[in-house]
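Spelled out from the first residue to the last, the chains are:
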Amino acid sequence: MTTVVPTVGRNRETNPEAEVILEAQDLKKYFPVTKGLLVSKVTGWIKAVDGISFQIRAGETLGVVGESGCGKSTTAKMLLMLEEPTEGIIRFQGRDVHNATHAERREYRSSVQAVFQDPWSSLNPRMRVRDVIAEPMIINLNMSRRDVQDRVAKLLNDVGLSSYHANLYPHEFSGGQRQRLAIARALSVEPKLIVLDEPVSALDVSIRAQIMNLLKDLQHEYQVSYMLIAHDLATVRYMCDWVAVMYLGQIVEFAPKTQLFNNASHPYTKALMSAALPSHPDIQKEEMILTGEVPSPLNPPEGCRFHPRCPVVMERCSHEVPQLREMSPGHAVYCHLY
């Protein structure tokens, strides 16, 4: 299924004048399945990401949600150039990054940074904090040693730590403090976009709100865009401007945050909402329980990929791929119900 980018920027919740920082068009990533030891033979393809399109605007946050194995992290790896797309285009500020020159690709890697899920394994345990944060600046920016030291001190202060911490090693920090260090490192090269891969899921509940508030404050101060990958819908609702719901490698619904949470349209999105804990015990929600298991991306179903588990499945769903339906400005859904 080729995903059409819905009309964005027309909703009053978002900034219609904001520049499109990054655009993905019909992005696909297939992994080969091989058989044989001495002479391997490709017997099939795992369709981890299968034709998705989206945009990320300056100063805004796009949330990507879905079950484990739906393609969220593979999408993030393609944006970070850790994986090459099988097909499709990634444009950064209007330029195709995979057909760019060596200098342009290096600039792109500097402009798109990441904060990973596990703050214990994402920092080099053999380096002091000042070197962890300074290393990207030394490699990518033409700065004097004094300027680097001053910027390290400022970044530590911006993430809620102090210049004293620059002399310590990562193992001397708690999980929340290490994630603050990871955020400081990502901001050190003045990126335009930061990919947040489950940035608070490994932290204590008492620390998560602090890190989310810190990320929002830093977004406003540094005018940076985020792509947030998350399972927790409460985190997505608090952090994001736009939300893309993925299922089995494809986007099934794309909408501004408020529209999605107030008027979810796709049955899979409704099922995710139903499974989430309510913000208050007196809130009554529509109960929707999905049956069966997620199909294999090696052999996904024909037609709508959600139809084997859909509670409102129709005959056409099993053989006809749903097309984009625009429910309201910026709110797109891929479902035969509409």
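Just so you know, these numbers come straight off a predicted model, no measurement behind them. (Residues numbered from 1 in each chain as written. Predicted model: local features only at pLDDT ≥ 70, side-chain atom pairs only at ≥ 80, totals over all residues. Heavy atoms only, no water.)

**Observations concerning the side chain of D197**
Topologically, D197 is positioned in strand β7 (residues 193-197). The side chain of D197 is buried and forms no salt bridge, while K77, the nearest opposite charge, is found at 7.4 Å. Leave out the neighbours within four places in its chain, and D197 touches S73, V115, F116, Q117 and I229. (Helix = DSSP H or I, 4+ residues; strand = E, 2+ residues; numbered from the N terminus. Buried < 20%, exposed > 50% of the residue type's maximum accessible area, 1.4 Å probe, protein only. Lys, Arg positive; Asp, Glu negative; His and termini not counted. Salt bridge = Lys/Arg side-chain N within 4 Å of Asp/Glu carboxyl O. Contact = heavy atoms within 4.5 Å.)

**Description of the UniProt feature "domain: ABC transporter" (unreviewed entry) in the protein**
Per the UniProt record, "domain: ABC transporter" (unreviewed entry) is found at residues 22-273. Regarding residues 22-273, the helix share stands at 38% and the strand share at 28%, and the terminal C-alpha atoms are separated by 28 Å. (UniProt positions renumbered as here; feature names shortened; annotations may be inferred.)

**Describing the pattern of salt bridges**
If the charged atoms of two oppositely charged side chains come close together, the side chains can form a pair. By the definition in use, this model includes 10 salt bridges. One salt bridge in this structure joins R305 and D50, with 2.3 Å as the shortest N-O distance. Residue R305 is found in the loop between α9 (267-275) and β11 (324-328), and its partner D50 is found in strand β2 (residues 41-57); the two are separated by 255 residues along the sequence. Comparing R305 with D50 shows no difference in burial state: the two are buried. Among the salt bridges present, the one from E221 reaches K154, with a minimum N-O distance of 3.3 Å. Here E221, found in helix α6 (residues 205-222), pairs with K154, found in helix α4 (residues 145-158); they are 67 residues apart in sequence, far enough to count as distant. The exposure class of E221 is partly exposed, given its relative accessible area of 45%.

**Here's the deal with unusual backbone geometry**
Despite not being glycine, Q223 shows a phi value in the positive range, around 55 degrees. Secondary-structure assignment places Q223 in the loop between α6 and β8 (225-229). For Q223, a relative accessible area of 52% corresponds to the exposed category. Non-glycine residue L248 carries a positive phi angle of around 50 degrees. With respect to the helices and strands, the residue L248 is situated in the loop between β9 (242-247) and β10 (250-256).

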